[in-house]
Amino acid sequence: EEANHADGNWRHVAITWDGSYVRGYIGGVYKKRVAQSGSMNNNDWGDMYLGYRAGSEHLTGNMDEFRISNIARYTTETSFTPQTTDFTDDANTIILWHLNDGTGTNANDGSSNNLDGTLAGGTSWSTDVPYAGITSSVNDIIGGFIPFAR
């Protein structure tokens, strides 16, 4: 489903893959699934770019709480209630970027795997925050992209 979400509101976006299907959710609402089989090798990712597409397309907007897990956290075509607090590290978390660092060029990994990202391509920090309960000093990424290498 394509839609223009450039209305200034924050949205929870989740994409899961269980080895058979990729599922997409916006705001906790199931949107679509696509058949995709295979396996994921956690040691062979190479570089990954967040907020960037080959060529010159970059995310225009803010991002907060990026997580990669070794399980599909949402697995059905039903809705769920999106979390409104920072994600926590657990045994299934591979990368956890809270994106609240606020200064510098690192997106520090909150998981035990130490897979920090590097802000690049004009990425900057913002004090715009997605939910109540975090202070105004918490900053989020806007624009650009974050590459990291495994």
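For clarity, every value in this text was computed on a predicted model and none was experimentally measured.

What counts, and where the lines are drawn
Residues numbered from 1 in each chain as written. Predicted model: local features only at pLDDT ≥ 70, side-chain atom pairs only at ≥ 80, totals over all residues. Heavy atoms only, no water. Helix = DSSP H or I, 4+ residues; strand = E, 2+ residues; numbered from the N terminus. Buried < 20%, exposed > 50% of the residue type's maximum accessible area, 1.4 Å probe, protein only. Contact = heavy atoms within 4.5 Å. Core = buried A, V, L, I, M, F, W, Y, C linked by side-chain atoms within 4.5 Å. Pairing = 2+ DSSP bridges. Axes fitted to C-alpha atoms, helices over the stretch in contact; angles between N-to-C directions. Salt bridge = Lys/Arg side-chain N within 4 Å of Asp/Glu carboxyl O.

S.K.: I'd like a rundown of the overall build of the protein, residues and numbers included.
M.R.: A count of helices and strands for the protein gives 0 helices and 14 strands. Counting helices and strands in the order they occur from the N terminus, the protein gives β-β-β-β-β-β-β-β-β-β-β-β-β-β. Expressed as a percentage of its 150 residues, the buried residues of the protein come to 31%. A separation threshold of at least 6 residues defines the contact pool for the protein, and within that pool the share at least 24 residues apart is 50%.

S.K.: Summarise the nonpolar core; cite the residues concerned and give the values.
M.R.: In this structure, L50, M63, F66, I68, I94, I95, W97, L99, A107, L115, L119 and W125 together form the largest nonpolar core, which totals 12 residues. Elements represented by at least two residues in this core include exactly β8 (66–69) and β9 (93–97).

S.K.: Explain the sheet that holds strand β3 (residues 29–35) to me, using residue names and the numbers behind them.
M.R.: Within a beta sheet, neighbouring strands are joined by backbone hydrogen bonds and run either parallel or antiparallel to one another. Spatial strand order, β1-β2-β3: 3 strands in an open sheet with antiparallel pairing. In the strand order of this sheet, the two ends are held by β1 (13–17) and β3, each with one partner. Averaged over all pairs of adjacent strands, the angle between their axes in this sheet comes to 15 degrees, without regard to strand direction. Judged from the 5 bridges that link them, β1 and strand β2 (residues 21–26) form a sheet pairing that is antiparallel. Paired with A14 across the two strands is Y25, which belongs to β2.

S.K.: A description of the pattern of salt bridges should follow, citing residues and the corresponding values.
M.R.: Under the counting rule described, the total for this entry stands at 4 salt bridges. A salt bridge links R23 to D18; the nearest nitrogen and oxygen atoms lie 2.9 Å apart. Since its relative accessible area comes to 6%, R23 is described here as buried. Judged by relative accessible area, D18 falls into the partly exposed class, the value being 37%. With a shortest N-O distance of 2.6 Å, R23 and E77 are connected by a salt bridge. Placement of the pair is R23 in strand β2 and E77 in the loop between β8 and β9, with a sequence separation of 54 residues. Classification of E77 as partly exposed rests on a relative accessible area of 36%. Among the charged side chains, a salt-bridge network with shared partners connects D18, R23, R33 and E77.

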